[in-house]
There are 2 protein chains.
Amino acid sequence: MQHEASADSEKLYFDDLHVGQRFASHEQTLDEEQIRAFARQFDPQPFHLDEEAGKHSLFTGMVASGWHTAAITMRLIVDSVPIAGGVIGLGGEISWPGPVRPGTSLHLETEVLETRASKSRPDRGIVTLQCQTINDHGETVQKLVTTIVVPRKT
Amino acid sequence: MQHEASADSEKLYFDDLHVGQRFASHEQTLDEEQIRAFARQFDPQPFHLDEEAGKHSLFTGMVASGWHTAAITMRLIVDSVPIAGGVIGLGGEISWPGPVRPGTSLHLETEVLETRASKSRPDRGIVTLQCQTINDHGETVQKLVTTIVVPRKT
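Nothing here was measured: the structure is a model prediction, and the numbers come from that model.

Conventions used here
- Residues numbered from 1 in each chain as written.
- Chains lettered and ligands numbered in written order.
- Predicted model: local features only at pLDDT ≥ 70, side-chain atom pairs only at ≥ 80, totals over all residues.
- Heavy atoms only, no water.
- Helix = DSSP H or I, 4+ residues; strand = E, 2+ residues; numbered from the N terminus.
- Contact = heavy atoms within 4.5 Å.
- Buried area = accessible area lost by both parts, 1.4 Å probe.
- Salt bridge = Lys/Arg side-chain N within 4 Å of Asp/Glu carboxyl O.
- Polar contact = N/O pair within 3.5 Å; in protein donor to acceptor, adjacent residues only side chain to side chain.
- Nonpolar A, V, L, I, M, F, W, Y, C, P; charged D, E, K, R; others polar.
- Pairing = 2+ DSSP bridges.

Undergrad: An account of the side chain of S65 of chain A is requested, with residue identities and associated values reported.
TA: As for its placement among the helices and strands, S65 of chain A is situated in the loop between helix 3 (51-55) and helix 4 (66-80). Apart from residues no more than four positions distant in its own chain, S65 of chain A is found in contact with F38, D43 and H48 of chain A.

Undergrad: Can you explain the interface of chain B and chain A? Please cite residues and give values.
TA: Taken together, the contacts link 33 residues of chain B with 33 residues of chain A. With both chains or domains summed, chain B and chain A bury close to 2,800 Å², and 68% of this area falls on carbon and sulfur atoms. In terms of surface lost to chain A, no three residues of chain B exceed F42, L58 and W67 of chain B, which account for 24% of the buried area on that side. The interface formed by chain B and chain A includes 0 salt bridges. Summed over the shared surface of chain B and chain A, the number is 12 residue pairs in polar contact (both at pLDDT 80 or more). Looking at the side of chain B that touches chain A, the elements that each hand over two or more residues are helix 1 (32-42), helix 4 (66-80), strand 4 (88-95) and strand 7 (140-151) of chain B. A breakdown of the residues in the side of chain B that touches chain A according to their chemical character gives 19 nonpolar, 9 polar and 5 charged. Bridge count for strand 4 (residues 88-95) of chain A against strand 4 of chain B is 5 bridges, and the pairing is antiparallel. Note that in strand 4 of chain B the partner of G92 of chain A across the bridge is I94 of chain B.

Structure representation (structure tokens):
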């Protein structure tokens, strides 16, 4: 089941979530200036700042910082996974199997991998999400498996 | 061995790195407006935007987005771990054991956990780093274990 979220959509509680449930986001395009602006502040390495410098790196061209992709992914999670009380992550595993070049449009596909009621806190559960950030060629550029805290309906 | 990096320090190649090697960063303070600016762009949830809204959340106060802490951590890695060719991460495991409140000063302690020469690519190796982002009370607010690609001296 694909869930298309909107600003008005109902918020989901722990008991509304089930393994295999999916969410799809809108697209967000990353241009060269956005990549540079993020890099200047958080990851000022030549291959994130300049096309020519990128050519002389392992990336063979300018690429976005992986943490920029992660930040945009969070934005797409907030916009497409309508959890009651907000999306509160405890952590996760992240990998960047492919580069994000200037001009790439990204979208997010999220799937519920596991749901687990908290034993110590009856008011909440722990949900594991797999979030794949995908470019306009259908290639996954970031894979994130993250656990979030989700309130139960009271 | 503690390595204090400066802009002029020598860059490190794979064979310069060994298990147990440590790097320390300078401090970076995160104020309320920086937390809000990052959140507006990447994680626009009430508890990252407003102290009053934060009080009514699981965080019991305004906190920085975990991805903001991750981005600042990357900046501190770039500033304190002088890898030849730049810090190029393949991915890792991230967790946020504690909140980052407005006004917190963060610094980074990095330790080399593993070094592994590449079998297929004799010009490089894979190095696992543990990066602990620590607040001004000595509490770890983010733990990142990440693998990076490091060139060998040719």
